[in-house]
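Architecture and fold: a report
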Amino acid sequence: MDAEQKREFAELKQGELKTARAWALKETAMALYEYVYEKPERRYFHRWYNWAVRSRLQPIKEVAGMLKRRFESIITGLPTRCESLNAKLQWVKYTARGFRNKQNFI
């Protein structure tokens, strides 16, 4: 986001419209997927969760509660982004079967 977009987003977060608060909560929750390390990810989620339960939006509170109950499963699933790369490598190895040695495989 550039500076103008950040300013507009901050105004929406502070706004009185319920839809603006719900949208801001959704957008900030999606940032959880950008974290690589677990400790900052946990800190970010707890800040977001506290904001969500104080939002006075019942559907958001319900989703926040569900995410908190399942957070350990979610957090263990996020670092496995590299597993898709591993799966692709395994598929390449599988489809390349029949080579006599590693040099021919390479």
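Our structure is the block above this text.
First, a word on scope: everything that follows refers to the structure included in this document. Note on numbering: residues in each chain are counted from 1, in written sequence order. Local features in a predicted model are, by the rule used here, given only for residues with pLDDT of at least 70; side-chain atom pairs are given and counted only at 80 or more, and totals for whole chains, interfaces and linings are based on all residues. Each side-chain value is derived from all of the structure's non-hydrogen atoms; neither hydrogens nor water enter the calculation.

Quick word on the pattern of salt bridges
Using the following cut-off: Between Lys or Arg on one side and Asp or Glu on the other, a salt bridge is scored when a side-chain nitrogen of the former is within 4 Å of a carboxyl oxygen of the latter. We count a stretch as a helix when DSSP gives it H or I for four or more residues in a row; a strand needs E for two or more, and each element gets its number in order from the N terminus. Buried residues are those whose accessible area, probed at 1.4 Å on protein chains only, stays under 20% of the maximum for their type, while exposed residues exceed 50% and partly exposed ones sit between those limits.
Here the structure, examined in full by the defined rule, presents 4 salt bridges. Two residues, Glu4 and Arg7, come together in a salt bridge whose shortest N-O distance is 2.5 Å. Of this pair, Glu4 and Arg7 both sit in helix α1 (residues 3-14), 3 residues apart, which is roughly one turn of that helix. Owing to a relative accessible area of 40%, Arg7 belongs among the partly exposed residues under this scheme. Across the pair Glu38 and Arg42 runs a salt bridge whose closest N-O atoms are separated by 2.8 Å. Of the two residues, Glu38 and Arg42 both sit in helix α3 (residues 38-53), 4 residues apart, roughly one turn of that helix. Residue classification places Glu38 among the partly exposed residues on the basis of a relative accessible area of 43%. Here the residues in one salt-bridge network are Glu38, Arg42 and Glu72, joined through shared partners.

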